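The lines below spell out each chain.
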Amino acid sequence: MEPVDPAGTEASHALSAEDAERWMRAVGGALVRTPAPRDGGERWLALVRTPGAATTRSRLIVGLGETPTTATRMAQRAWDEIWRTLSETH
């Protein structure tokens, strides 16, 4: 899978639920709701493969949050940072 250009998704950008869902689909990620902890709140995991160059193996990014959007945002920040590093390298 080719990396998706994250242009326009700077860290200060507020991510809507629709944007989060769209981004997760674009990068082939998955959202998983974990069993509720004793405090009764929800916990979500956003699972995304790292963007990669043809010569590197992808790794897993895990974003954590109390909502799907916050979990996605955490994963997206890490993904964006890796994307920037790859862009500077190539």
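Residues numbered from 1 in each chain as written. Predicted model: local features only at pLDDT ≥ 70, side-chain atom pairs only at ≥ 80, totals over all residues. Heavy atoms only, no water.

## Quick look at the environment of Arg59
Step number 1: Topologically, Arg59 is positioned in the loop between strand 2 (44-49) and strand 3 (60-65).
Step number 2: Separated by eleven residues in sequence, Arg59 and Val48 have C-alpha atoms that sit 8.4 Å apart.
Step number 3: The contacts of Arg59, once residues within four sequence positions are left out, are Val48, Arg49 and Thr50. (Helix = DSSP H or I, 4+ residues; strand = E, 2+ residues; numbered from the N terminus. Contact = heavy atoms within 4.5 Å.)

## What to know about a nonpolar patch on the surface
Step number 1: Taken together, the side chains of Leu60, Val62, Leu64 and Met74 make up a nonpolar region of the molecular surface, amounting to roughly 370 Å² of accessible area.
Step number 2: The element best represented in the nonpolar patch is strand 3, accounting for three residues.
Step number 3: Here Val62 shows up in strand 3. (Patch = residues over 30% accessible without salt bridge, like charges linked within 9 Å, V, L, I, M, F, W, Y side chains within 5 Å. Areas by Shrake-Rupley, 256 points an atom, 1.4 Å probe, with all protein chains shown as cover. Salt bridge = Lys/Arg side-chain N within 4 Å of Asp/Glu carboxyl O.)

## Focus: the sheet that holds strand 1 (residues 30-33)
Step number 1: Read across the open sheet, the three strands follow the order 1-2-3; overall the sheet is antiparallel. Each having just a single partner strand, strand 1 and strand 3 make up the two edges of the open sheet. Taking the axes of each pair of neighbouring strands and ignoring which way they run, one obtains an average angle of 25 degrees across the sheet.
Step number 2: Across six bridges, the pairing between strand 2 and strand 3 is antiparallel. Opposite Trp44, over in strand 3, you have Gly65 as the bridge partner.
Step number 3: Docked against the sheet, helix 1 (residues 17-27) engages strand 1 and strand 2, running at close to 35 degrees with respect to strand 2. (Pairing = 2+ DSSP bridges. Axes fitted to C-alpha atoms, helices over the stretch in contact; angles between N-to-C directions.)

Treat this as a map of the structure, not an account of what it does.
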